[in-house]
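# Geometric and topological summary
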Amino acid sequence: MVNQYAEDYTLAELMCIEAARLLPREGVAFLGLGLPVLSGTLARCLYAPEIQLCTEVGAFDWRPDPPTVPRAPIGIHDLLLNDGAAMVSDMVDALGTVLMGGHVAFAFLTGAQIDKYGNVNTLVLGEYGRPQRRLAGTGGNTEISCLAPQVFVLMPQEPRRWTERVDFITSPGYIDGPGARRRAGLAPQGPNCVISTMGVYRYDTPDGGETGSCELVLEAVFPHIDAETIRALVPWDLKVAEPLREVAPPTPTELAMLRRLDPFQYYLTPGRY
Amino acid sequence: MPPTKLMSLEEAVDRFVADGDTVYAGYLVVPFALTHEIVRQGKRNLEVVGASVVWPATELALGGCCRRIRSGYIQGALRPGPVQEMMERGEIQYEDYSNQAIALMLMAGALGIPFIPTRSFLGTDYLHLEHAEYPGRIPGYRRHAVMTSPFDGQRVVLLPAIRPDVVIMHAQRADAEGNVHSWGHQGDARWGLWAGRKVIVTVEEIVPTDVIRSDPSRTIVAGFQVSAVVHCPFGAHPGGLAGYYDFDYLFLERVLSPALASREGFARFRAEWIDGVHSREEYLARVRETIGPEMFARILAEPGRTPLAPPNYGYSRTLNLPKVQGETPW
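Given the structure is predicted, the values throughout are model-derived calculations rather than measurements. Counting restarts for each chain: residues are numbered from 1 in the order of the written sequence. Starting at A for chains and at 1 for ligands, labels are handed out in the order in which the entities are written. Local features in this predicted model are restricted to residues of pLDDT 70 or higher, and side-chain atom pairs are both shown and tallied only at a pLDDT of 80 or more, whereas totals for entire chains, interfaces and linings draw on every residue.

### Observations regarding the overall build of chain B
What counts here: The numbering of helices and of strands both runs from the N terminus, where a helix is a DSSP run of H or I of at least 4 residues and a strand a run of E of at least 2. Within these notes, the globule rule equals 2.2 Å times the number of residues to the 0.38 power, and the radius of gyration is based on C-alpha atoms. With C-beta atoms placed from the backbone, the exposure class of a residue follows from how many other C-beta atoms lie within 10 Å of its own: 20 or more, buried; 12 or fewer, exposed; in between, partly exposed. Any pair of residues counts as being in contact when their C-beta atoms, constructed from backbone geometry, are within 7 Å of one another.
A count of helices and strands for chain B gives 11 helices and 12 strands. Taking 20 Å as the expected radius of gyration for a compact globule of 330 residues, we find that chain B reaches 22 Å, a close match to that expectation. Dimensions along the principal axes, computed over C-alpha positions, put chain B at roughly 80 × 55 × 35 Å. Split into buried and exposed, the 330 residues of chain B put 47% on the buried side. Long-range contacts, defined here as pairs at least 24 residues apart, represent 73% of the contacts in chain B between residues at least 6 apart.

### Overview of the overall build of chain A
Helix and strand content of chain A: seven helices and 14 strands. Computed over the C-alpha atoms, the radius of gyration of chain A is 18 Å, within 12% of the 19 Å expected from 2.2 N^0.38 for a compact globule of 273 residues. Its C-alpha atoms give chain A principal-axis dimensions of about 50 × 45 × 35 Å. Classification of the 273 residues of chain A by burial places 53% in the buried group. Across chain A, every contact between residues at least 6 apart in sequence was considered, and the portion connecting residues at least 24 apart equals 69%.

### Some points on the pairing of strand β6 (residues 145–148) of chain B
Successive side chains on a regular strand alternate, one facing one side of the sheet and the next facing the other. Put simply, the test is: Pairing between two strands requires that DSSP report at least two bridges joining them.
In terms of strand pairing, β6(B) meets strand β7 (residues 155–160) of chain B through four bridges, oriented antiparallel. Along β7(B), the bridge assignment pairs T148(B) with R155(B).

### Description of the sheet that holds strand β5 (residues 115–118) of chain B
All names here are of chain B. Selection rule: Axes, fitted as lines to C-alpha atoms, cover a helix only where it is in contact. Angles between the N-to-C directions of the axes lie from 0 to 180 degrees.
Pairing is antiparallel across the open sheet formed by three strands, whose spatial order is β5-β7-β6. Pairing within the sheet leaves two strands with one partner each, and these edge strands are β5 and β6. Neighbouring strand axes in the sheet, compared pairwise and without regard to direction, differ in orientation by 35° on average.

### A word on the interface of chain B and chain A
One frequently used descriptor of interface size is the decrease in accessible area upon assembly of the parts. The condition is simple: Gly is placed with the polar residues, together with every amino acid not listed as nonpolar (Ala, Val, Leu, Ile, Met, Phe, Trp, Tyr, Cys and Pro) or charged (Asp, Glu, Lys and Arg).
On the chain A side, the residues contacting the 44 residues of chain B number 43 residues. Elements represented by at least two residues in the side of chain B that touches chain A include exactly β2 (46–52), β3 (66–73), α4 (82–89), α5 (99–111) and α6 (189–195) of chain B. Across the side of chain B that touches chain A, the residue classes break down as 17 nonpolar, 17 polar and 10 charged.

### Side note on the environment of V17(B)
Residue and element names in this part refer to chain B. The topology assignment puts V17 in the loop between α1 (9–16) and β1 (22–25). Distance in space between the C-alpha atoms of V17 and P310 is 38 Å, their sequence separation being 293 residues. Ignoring any residue separated from it by four or fewer positions in sequence, one finds V17 in contact with I38, K43 and V166.

### Comments concerning helix α10 (residues 280–291) of chain B
Residues and elements named next belong to chain B. This is how the line gets drawn: A helix is expected to span 1.5 Å multiplied by its residue count minus one. In this context, the arc is that of the directions from the helix axis out to the C-beta atoms.
An ideal rise of 1.5 Å per residue puts 16 Å on 12 residues; α10 measures up with 16 Å between its terminal C-alpha atoms. Among the residues of α10, those classed as buried are R280, Y283, V287 and I291. Mapping the buried residues of α10 onto a view down its axis gives an arc of 55°, with all of them on the same face. Looking at α10, the residues exposed on the side facing more than 90 degrees away from the buried face are E281, E282, A285 and E289.

### Some remarks on the packing of helix α2 (residues 35–46) of chain A against helix α7 (residues 252–261) of chain A
All names here are of chain A. Short version of the rule: Every angle not falling under 35 degrees, over 145, or within 65 to 115 is termed oblique; those three ranges are roughly parallel, roughly antiparallel and roughly perpendicular. The handedness criterion is simple: a crossing whose near helix is rotated anticlockwise from the far helix by less than a right angle is left-handed, and one whose near helix is rotated clockwise is right-handed.
Axis separation between α2 and α7 bottoms out at 10 Å; the angle between their running directions is 130°. By the criterion of interaxial angle, the relationship of α2 to α7 is oblique. As for how α2 packs across α7, the hand of that crossing is right-handed. Every residue of α7 that contacts α2 at L38, T41, L42, C45 and L46 is listed here: E254, M257, L258 and L261. Its residues placed into classes, the contact of α2 with α7 shows seven nonpolar, one polar and one charged.

### Notes on the confidence of the model for chain B
The predicted coordinates ought not to be read in detail in places where the model reports low pLDDT. Quick reminder of the rule: Known as pLDDT, the predictor's per-residue confidence is scaled from 0 to 100.
For chain B, mean pLDDT is 96; residues scoring 70 or higher make up 100% of the total. ipTM for the predicted complex: 0.96, alongside a pTM of 0.97.

### What about the sheet that holds strand β3 (residues 59–62) of chain A?
Two strands in a sheet stick together by hydrogen bonds in their backbones, pointing the same way (parallel) or opposite ways (antiparallel). All names here are of chain A. What the 10 strands build is an open sheet, ordered β4-β3-β2-β1-β5-β10-β11-β12-β13-β14; its pairing is mixed. In the strand order of this sheet, the two ends are held by β4 (87–88) and β14 (239–246), each with one partner. Where strand β2 (residues 52–54) and β3 come together, two bridges link them in antiparallel fashion. Bridging across to β3, L53 finds its partner in W62. On top of the sheet, α2 reaches β1 (28–31), β2, β5 (106–110) and β10 (151–154); it is set at about 140° to β5, its chief contact.

### Focus on α5(B)
Residue and element names in this part refer to chain B. Look at α5: 18 Å from first C-alpha to last across 13 residues, which is about the 18 Å you get at 1.5 Å a residue. The element α5 is extensively covered by neighbouring structure, given that 12 of its 13 residues are classed as buried. All of the buried residues in α5 are N99, Q100, A101, I102, A103, L104, M105, L106, M107, A108, G109 and A110. Immediately downstream of α5, the backbone of G112 shows phi near 75°, a positive value.

### What about the packing of helix α1 (residues 11–22) of chain A against α2(A)?
Residues and elements named next belong to chain A. One way to put it is that α1 packs onto α2 with a least axis distance of 8 Å and a crossing angle of 50°. Classified by the angle between their axes, α1 and α2 sit oblique to one another. The crossing of α1 and α2 is right-handed. Listed contacts from α2 to C16, I17, A19 and A20 of α1 are L35, L38, S39, L42, A43 and L46. Residues that form the contact of α1 with α2 fall into these classes: nine nonpolar, one polar and no charged.

### Section: unusual backbone geometry
Looking along the chain, the bond that leaves E242(A) and enters P243(A) is cis, with omega of -10°. Tracing the sequence through the fold places P243(A) in strand β14. Cis geometry marks the peptide bond from H237(B) to P238(B), where omega comes out at 10°. With a phi angle near 50°, Q265(A) is a residue other than glycine that sits in the positive phi range. Turning to its location among the elements, Q265(A) is positioned in the segment after α7.

### Here we look at the pairing of strand β9 (residues 131–134) of chain A
Taken together, the three bridges between strand β8 (residues 124–126) of chain A and β9(A) define a ladder with antiparallel strand orientation. From the neighbouring strand, L125(A) faces β9(A), where its bridge partner is R133(A).

What follows is the structure, encoded as C-alpha cells:
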C-alpha cells in the first residue's frame with residue numbers, strides 16, 4: 001500500500017502547503033513579498049486555479065501553467081510575472097485602483113512580528129527612532145493590511161516573531177480589540193487566518209472586528225505538535241479552539257509541486273524565511 | 001527635426017544632476033549605471049525618493065552622495081549595515097512611508113496638485129510619526145495629515161506631493177527625441193517620470209522615432225518631458241529588464257550585497273567597479289570574467305516572447321461624416 005502522506009518534510013514546507021489548502025478558491029488574490037509568493041503559486045497550481053494572482057508592482061492575473069512553470073516568482077519583481085498575465089501595469093493601478101478601489105478578495109502576506117490582535121510589523125525592532133534593528137521595510141504590506149477584506153498571514157512559530165504587542169504596527173489587524181478598525185476609519189476585515197510552522201490560527205471575531213475578543217485563536221496543530229507546546233512559545237494567554245483540528249501532513253503531490261516551485265531553495269532554505 | 005537628447009552617461013549626470021537635488025530612482029528596473037555615474041562624479045547632499053529604493057539609496061549613501069531618503073522600502077533583503085547606522089545617528093534623514101504612499105505622492109507631483117488622500121496608514125503607528133522626535137527626522141517636514149472628507153465623512157490621510165528635481169531611470173528603448181518605450185510591470189516609474197523636473201533615461205537600444213511612433217501606447221514618457229537619453233546596454237545590471245536580462249543573483253550575492261554591508265566593502269567595490277571602470281563595456285567585461293560567461297549567459301531573456309497578434313493602430317482615411325451645412329446650432 002502506498003502511503004497517503006509524505007514523511008520527509010519540514011515544518012516550513014507544511015506551513016506553505018497548509019496555507020495553500022486554506023486559501024479561498026476564487027477572487028483577486030494579492031501576494032506579498034516572501035513566502036506567500038511560493039505558497040500562493042502552489043495554491044494556484046494545485047487547488048485554486050480560478051484565483052487571480054496579483055502583485056503590487058503591476059502584474060494582474062498571472063497564470064502559472066502547472067506542468068511548465070519553471071519556478072514560483074523570485075520575489076514580486078520576477079520578470080516571469082509578465083509572461084501570461086492578463087494585464088501588466090503599475091503600482092498606482094495595483095495598490096490604488098485594484099486594492100483601494102475594492103477589487104481584491106483576499107491578501108496573502110508575511111512580516112517580521114505579529115501580535116495577539118494580528119497586527120504585523122515589517123519596519124523596525126525596538127523603539128522607532130533608536131531601533132535595535134531596522135527591518136526590510138513595509139513596501140505594500142501596510143495598505144494591503146488596511147484595505148484587503150481578508151488577510152492570510154504566514155508567520156514562522158519563532159518566539160522572536162510572536163509578541164503581545166508588535167513594536168510598531170505597520171500593518172493593522174484588529175489593532176487593540178473590538179471596534180478599533182472602525183474607530184481608525186478602516187473597513188471590517190475577515191475571516192482572517194494565520195498559518196505558522198506549527199499551527200493554524202483564526203480570530204475570535206464573528207463580524208470583522210466589532211465584537212468578540214478579536215484575538216488569535218489556535219484552530220489546528222501540525223502533526224506531532226500539541227497546543228501546550230505552541231502556548232509555551234506565545235507570550236500571552238493564547239486561546240485554543242475546541243475541538244482542535246489536526247493538520248494533515250503533506251501529500252507526495254503537494255510536496256513535489258512545492259519543491260518544484262522552489263528549485264533554488266530560495267524560499268525554503270532554513271533560517272532564510 | 002527636434003534637437004537630439006542623446007548624450008553620454010557622463011554628460012547627462014554632469015548637466016542634470018546637481019548637488020542637493022531630490023532624485024527619483026526607479027527600482028523594478030534599477031538604474032545602476034546612472035547610480036554609479038552619480039557616485040563617480042561625487043554629487044553631494046542628494047535626497048533619494050521612490051517606493052522601493054534599496055539599491056540606489058544604499059549605494060548613494062555609502063558613496064557619500066545622499067543626505068535624505070523618503071521611501072516605503074529602504075533596507076530590503078540587505079543586512080543592517082552602515083546605512084542603518086547613518087540613519088540612527090541622523091547623518092541621513094529619513095521618512096518611512098509605504099509603496100502606495102510614495103506612488104501616490106509622485107502621482108500628485110505629476111498632476112501638479114499639492115497633496116493626495118489615501119485610505120492607507122489608518123490604524124497604524126505611522127500616524128504617530130508626525131510628532132515623533134528622532135535623530136533622522138527631517139526638520140520641519142509635515143509628513144502627512146489626517147482629515148475627514150468634506151464630501152462623505154470618510155477618514156483619510158493626506159500625503160504631500162513629491163516633485164523630484166531629477167529622475168534617473170533605465171528602460172528598453174528610446175528615440176533621440178527622448179520618447180521612451182517601456183514594457184513589463186512598472187512599479188512607480190510612470191509617476192516618477194512625469195513628476196520630475198529633469199529626466200535622464202538610459203536605454204538598451206536607441207531606435208528611429210518611427211519605431212516608437214508605430215506603437216505609441218507603449219510610450220511611458222514623451223520626449224518633451226525628457227532631458228537626456230543615454231545609450232547604455234545592461235544599464236540596469238545587476239538588476240533585470242523585461243525582454244533583455246534577469247537579475248544577476250550570483251553577482252548580487254558574490255559582489256554587491258557583501259560590498260554594501262560595510263564602508264570598507266563599499267570602498268573596495270567603488271574602486272573596482274565604479275571608479276576603476278571607464279565605460280559600461282569595461283564593467284560588463286569584468287562582470288563576465290567575475291561570474292564566468294556561462295553564468296552570465298543564464299540571466300539573458302529567452303527570445304520570441306512577442307505579442308501573438310500585434311495591435312493595429314489603423315484608422316479610416318475616408319470617414320462618412322456628412323458635410324456640415326447650416327449655422328452653428330447655438
